[in-house]
Amino acid sequence: MSLSWIERWKRDAVAEIEAAGGRHDEPSIYDGPPGDPGLCGGPDSLSWEIHGDLASVVVAGTGAIVMELLHPSVMHGVYTQSSYRTEPLRRARNTLGYVLRTTFGSTEAATRVIESVKRVHARIEGTRADGVAYRALDPELIGWVHTSIPWAIMTAFDRYCRPLSTQEKDRYLKEQARIGRMGGADRVPESVSELHDYVEAMRPKLAMTEQTLSFLDFLAGTGPDVPEPVGRRERLDRWIGIRSSMGLLPEWAQRLTGTHQPALLQRLFFQPSDGLKARLVRWVYPELPCKTMALARVGAVGAPTAAIVAA
């Protein structure tokens, strides 16, 4: 029986999502000892609920990455020692993969992923244009990179999936703090209150540099680092996507990055745009294969959803 146009569209959308972010169904990561809940607490955790919503992770992704790179030392390391210009999808897959593997992977596999990333970071160090030396394993840098990701994802989930109570946000941040500490961070916020204080303490250390501007131009499809010409329609889509995702984060961060839009425009255009994107992603990709496999591992459910998603 031939597929209807809507089934074909859904199949193509799944293929596009997986081409950009990967499938994340490796048995060596997500299978494991029966009953093993992994590092974040298993099916009853907020991390499994929030990170299992691919829509929230997708919507938050750009904002989370930009926030990481507002630390000039993080930006310098990425700018000088990463392959984002030549392999942009690889970096996106790696970032998404780290979030999913440390959340849904078995305890042993997730720990192995964290240690592998630390070994890579051990080789990264340098000196910024302003003369400040840094190393990627600096606990402060690891703490900032770690915090930027769950901060943005939590905000996206709260806005575009379901509202989270302060207690739920505190639970989620505490679950995620374990990952940050295992990664080598020194200070990791474990509650909304601690998150606010932590971000305020970090603000004086954040800045837009020439490298950050170049990175934003790259994201927008403009500037000399773009490997191939980007059409006008795609540039518009990227312009909207960057500002929508940054709209999840504080106004000071939007103004610092030049992505701030008036509140009325955010409510009438950018938020509905991301809301629609989230609903579409959730419709075509209702459950990540890695979550299905993790649920089967802990014995919470069988694993039929992966076959549906792959169809």
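These figures come from a predicted structure and were not determined experimentally.

### Considering the environment of Ile-124
- Mapping Ile-124 onto the fold places it in the loop between helix H7 (107-121) and strand S1 (125-127).
- The sequence separation of Ile-124 and Ile-29 amounts to 95 residues, and the corresponding C-alpha distance is 26 Å.

### As for the nonpolar core
- Ranked by size, the top nonpolar core spans 61 residues in total, and within it Met-67, Trp-144 and Ile-153 carry the most contacts.
- It is helix H8 (residues 139-160) that contributes the most residues to this core, nine residues altogether.
- Leave out the neighbours within four places in its chain, and Met-67 touches Trp-144, Ser-148, Trp-151, Met-246, Leu-249, Trp-252 and Ala-253.
- Ranked by size, the runner-up nonpolar core spans 12 residues in total, among them Val-74, Val-78, Tyr-134 and Phe-218.

### Concerning the layout of surface pockets
- Of the pockets and cavities examined, the second largest pocket occupies roughly 1,200 Å³.
- Contributing to the lining of the second largest pocket are 41 residues, with Arg-91, Asn-94, Thr-95, Val-117 and His-121 lying nearest its centre.
- If you list the elements that add at least two residues to the lining of the second largest pocket, you get helix H5 (72-81), helix H6 (88-104), H7, H8 and helix H9 (166-183).
- Ranked by residues supplied to the lining of the second largest pocket, first place goes to H6 with 10 residues.
- Taken together, the residues that form the lining of the second largest pocket break down as 18 nonpolar, 17 polar and six charged.

Definitions and cut-offs
Residues numbered from 1 in each chain as written. Predicted model: local features only at pLDDT ≥ 70, side-chain atom pairs only at ≥ 80, totals over all residues. Heavy atoms only, no water. Helix = DSSP H or I, 4+ residues; strand = E, 2+ residues; numbered from the N terminus. Core = buried A, V, L, I, M, F, W, Y, C linked by side-chain atoms within 4.5 Å. Buried < 20%, exposed > 50% of the residue type's maximum accessible area, 1.4 Å probe, protein only. Contact = heavy atoms within 4.5 Å. 1 Å grid on protein atoms, 1.4 Å probe; cavity = no way out; pocket = protein on both sides within 12 Å on 5 of 7 lines; lining within 4 Å. Points joined across faces, edges and corners; volume = space filled by probe spheres on them. Nonpolar A, V, L, I, M, F, W, Y, C, P; charged D, E, K, R; others polar.

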